[in-house]
Amino acid sequence: YRTVVSASADGIILRAKSGKILTWNKAAERIFGITSEKAFNQIFDNRKNFLYREDDTIYPGNEHPSGITLSTGEPIRNVQMKIKKEYGDYYWINVNTNPVFSDDSGKPSSVVIAFTDITNLKLAQNALRASADVVKSIPSGLFIFKFEEPDKFYLSDANPAPPVPYTHLKLP
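Criteria and cut-off values
Residues numbered from 1 in each chain as written. Predicted model: local features only at pLDDT ≥ 70, side-chain atom pairs only at ≥ 80, totals over all residues. Heavy atoms only, no water. Phe/Tyr/Trp six-rings, centres within 6.5 Å; stacked < 30°, edge-to-face > 60°. Helix = DSSP H or I, 4+ residues; strand = E, 2+ residues; numbered from the N terminus. Buried < 20%, exposed > 50% of the residue type's maximum accessible area, 1.4 Å probe, protein only. Pairing = 2+ DSSP bridges.

## Topic: the packing of aromatic side chains
Following the criterion strictly, the structure yields three aromatic pairs and no others. With a centroid separation of 5.8 Å and an interplanar angle of 85 degrees, the aromatic rings of Phe32 and Phe50 are classed as edge-to-face. Of this pair, Phe32 sits in helix α2 (residues 26–32) while Phe50 sits in the loop between α3 (36–40) and β3 (51–52); the two residues are 18 residues apart in sequence, bridging distant segments of the chain. Taking relative accessible area as the criterion, Phe32 reaches 11% and is therefore assigned buried. Judged by relative accessible area, Phe50 falls into the buried class, the value being 17%. Between Phe32 and Phe115, the ring centres sit 5.4 Å apart and the planes meet at 90 degrees, which makes this aromatic pair edge-to-face. With a gap of 83 residues between them, Phe32 in helix α2 and Phe115 in strand β6 (residues 110–117) connect regions that are remote in the sequence.

Spelled out as structure tokens, the structure:
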């Protein structure tokens, strides 16, 4: 178990129902910028306001996927959130949670939080959106062709250029 957790490129945290951190792997250290020694001495509740939703609002501890899993006993999948670090840096992560049951009560005693750093993906998505906005703002027609072979190509996209009235043109 410990070998798999420590070797994982994804962050893995085991959090008790009390909020106490029980496991904090090297990837979690790298992404959060918090050593396991410091993490083990903390109770998770997001009081430091470092976890944010995609709309940039703060994640209250009880609305964090791990809090929901602890209260419902249900796993949560593919929640994207932003981590703001101490010096203003931030990372985007994709979070999945799974409950851990230690007795027959039907209530989870802890939760496994697994997350992947998706910062580069989010940056690429933002750049793609920005470039699409630029292309759409070009007032004249812009056509994008894909070439499969030297003599084979097809139109893959075009911006929605406004219609140009040609009534002002005089033909010879």
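## Considering the pairing of strand β4 (residues 76–84)
Sheet topology note: the β3/β4 ladder contains two bridges and is antiparallel. Along β4, the bridge assignment pairs Leu51 with Ile83. For β4 and strand β5 (residues 90–100), the ladder comprises seven bridges, and the chain directions are antiparallel. Following the sheet pairing, Met81 is matched in β5 by Ile93. Between β4 and the antiparallel strand that follows it, β5, lie five residues; Gly88 among them carries a positive phi value of about 95 degrees.

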